[in-house]
Amino acid sequence: MADQGFVSSTQAVPQTSAGPRHIAIIMDGNGRWARKRFLPRVAGHTRGVEALRGTITACIERGVEYLTIFAFSSENWRRPADEVSFLMQLFIKSLKKEVNRLHQNGIRFRVIGDRTRFEPLLAEAIAEAEALTAGNTRFQLTVAANYGGRWDVLNAMNRLLAQNPGITEVDERMLAAELSMNFAPEPDLFIRTGGEERISNFLLWQLAYTELYFTATLWPDFDAKALDLAISSYWGRERRFGRTSEQLGAGAEHA
Ligand code: IPE
Ligand code: IPE
Ligand code: MG
């Protein structure tokens, strides 16, 4: 896919607007939410889908244009087989149930990650949802499934090698154009729920200058109020992209 000309935070200073344009979320804490209620872990995943539905609506209402969520990491296959299987079935079920609503709301749906390991039913449901919503521009929902940041960079590199036999050097622009988020600006705000303060192999390349926000709120409890807390934390940040505070004060960000 072609590079759509989004500014790289390391190649130039991006113009940042007041609100976050792109939010990336690690939806963590479903298992603990369920355990606290003496429920099986998977009950937390089911509730997590509801939290996601509310978060999409809240993001649209707040003028966010891109929401990228981590649903299943390339390392999550290490979980017990019955939990993995439940998550895959939940993905299929939720997608089939929600796809029309996503489409009616002008939402473009995409999945990033290695699809080769998905069962055919899931792969088909994803392909159908992506095709149905391909023309939508109001809001971009991207689900990272069987995704890993290292996989993403290596996959991009391997594609470049395949397309350019004998190539000896790659620059940032070439690599970024092959990454799975090549259609979006870099995330402005990263949110991880559930209290852990780590990236867990999410968007390693794209988070270079993203503002990081961690909350103890467990994902099934995440709501519009919790989103507002994250966004107001973002508003309080000074995004310097390597420059000094004085330079920002002088309006140099638009220089
Ligand atoms: C996040 O919740 C959902 C997935 C990783 C699929 P967890 O299942 O990791 O919940 P905790 O971290 O065990 O509470
Ligand atoms: C990260 O959560 C992945 C998703 C939310 C899909 P995990 O719960 O799997 O992360 P770790 O293992 O605690 O780092
Ligand atoms: Mg977890």
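Residues numbered from 1 in each chain as written. Chains lettered and ligands numbered in written order. Predicted model: local features only at pLDDT ≥ 70, side-chain atom pairs only at ≥ 80, totals over all residues. Heavy atoms only, no water.

**With respect to the overall build of the protein**
Put simply, the test is: The helix count covers DSSP runs of H or I at least four residues long, the strand count covers runs of E at least two residues long, and both are numbered beginning at the N terminus. It is over C-alpha atoms that the radius of gyration is taken, and the globule rule equals 2.2 Å times the number of residues to the power 0.38. Each residue is assigned to one of three classes by its accessible area relative to the maximum for its type, calculated with a 1.4 Å probe on protein chains only: buried under 20%, partly exposed between the two thresholds, exposed over 50%. By definition, residues are in contact when any of their heavy atoms lie within 4.5 Å. For the area figures, the Shrake-Rupley method with a 1.4 Å probe applies, and any residue is considered shielded solely by the protein chains shown. His is not counted, nor are the chain ends, whereas Lys and Arg count as positive and Asp and Glu as negative. The atom standing in for a charge is NZ when the residue is Lys, CZ when it is Arg, CG when it is Asp and CD when it is Glu.
Scanning the protein from N- to C-terminus turns up eight helices and six strands. Order of helices (α) and strands (β) in the protein, N terminus to C terminus: β-α-α-β-α-β-α-β-α-α-β-β-α-α. In terms of overall dimensions, the protein is globule-like: its C-alpha atoms have a radius of gyration of 19 Å, near the 18 Å expected for 255 residues. C-alpha atoms of the protein, sized along the principal axes, occupy 55 × 45 × 35 Å. Residues counted as buried form 46% of the 255 residues belonging to the protein. Within the protein, contacts between residues at least 6 apart in sequence are counted, and of these 75% link residues at least 24 apart. Entry remark: accessible area of the protein is about 13000 Å², with carbon and sulfur atoms responsible for 52%. Taking the average place of the 30 positive charges on the side chains of the protein and the average place of its 30 negative ones, the gap between the two points comes to 6 Å.

**A look at the site of ligand 1**
Rules: In these notes, residues near a molecule or strand are those with any non-hydrogen atom within 4 Å of it. Definition of a polar contact: a pair of N or O atoms within 3.5 Å, with one able to donate and the other able to accept a hydrogen when the atoms are protein atoms, and with sequence-neighbouring residues admitted only if both atoms are side-chain atoms. Cavities and pockets were defined on a 1 Å grid built over protein atoms only: a cavity is a set of grid points that admits a 1.4 Å probe from which the probe cannot escape, a pocket is an open set flanked by protein on both sides within 12 Å along at least five of seven lines, and lining residues are those with an atom within 4 Å of any such point. Molecules are considered to sit inside a cavity or pocket once more than half of their atoms lie within 2 Å of its grid points. Gly counts as polar in this scheme, as do all residues outside two lists: the nonpolar Ala, Val, Leu, Ile, Met, Phe, Trp, Tyr, Cys and Pro, and the charged Asp, Glu, Lys and Arg.
If you check the shell around ligand 1, you find 13 residues, and the closest are Asp28, Gly31, Arg32, Arg41 and Arg79. Here an oxygen atom of ligand 1 and a side-chain polar atom of Asp28 are 2.8 Å apart. The contact in question runs from an oxygen atom of ligand 1 to an N or O atom on the side chain of Arg79, over 2.7 Å. The fraction of the free accessible surface of ligand 1 (370 Å²) that becomes covered by protein chains is 87%. In this structure, ligand 1 is accommodated by the largest pocket. Taken together, the elements giving at least two residues each to the shell around ligand 1 come down to helix 1 (30-36), helix 2 (41-61) and helix 3 (81-104). Ranked by the residues each element gives to the shell around ligand 1, the list is headed by helix 1, at three residues. Classifying every residue of the shell around ligand 1 by side-chain character gives three nonpolar, five polar and five charged.

**Section: the sheet that holds strand 2 (residues 66-73)**
Put simply, the rule reads: The criterion for strand pairing is that DSSP finds at least two bridges linking the strands in question. The axes used here are C-alpha line fits, helices contributing only the stretch in contact, and every angle between their N-to-C directions lies in the interval 0 to 180 degrees.
Taken together, six strands build an open sheet; the order of strands is 3-4-2-1-5-6 and the sheet is parallel. In the strand order of this sheet, the two ends are held by strand 3 (107-112) and strand 6 (211-214), each with one partner. The average angle at which neighbouring strand axes cross in this sheet is 20 degrees, direction not considered. Here strand 2 runs beside strand 4 (residues 139-147); their pairing, made up of seven bridges, is parallel. Across the sheet, residue Thr68 finds its bridge partner in strand 4, namely Thr142. The strands that helix 7 (residues 224-235) touches are strand 1 (22-26), strand 5 (189-192) and strand 6; relative to strand 5, the one it contacts most, it runs at about 140 degrees.

**Notes on the packing of helix 2 against helix 3**
Put simply, the rule reads: Should an angle fall under 35 degrees it is called roughly parallel, over 145 degrees roughly antiparallel, and 65 to 115 degrees roughly perpendicular, with every other angle called oblique. For any helix crossing, the convention is left-handed if the near helix is rotated counterclockwise from the far helix by under a right angle, and right-handed if that rotation is clockwise.
One way to put it is that helix 2 packs onto helix 3 with a least axis distance of 11 Å and a crossing angle of 25 degrees. By the angle class used here, helix 2 and helix 3 are roughly parallel. Where helix 2 crosses over helix 3, the handedness of that crossing is right-handed. Seen from helix 2, the contacting residues are Arg41, Val42, His45, Thr46, Val49 and Arg53; seen from helix 3, they are Glu83, Phe86, Leu87, Leu90, Ser94, Lys97, Glu98 and Arg101. Split into classes, the residues belonging to the contact of helix 2 with helix 3 amount to five nonpolar, three polar and six charged.

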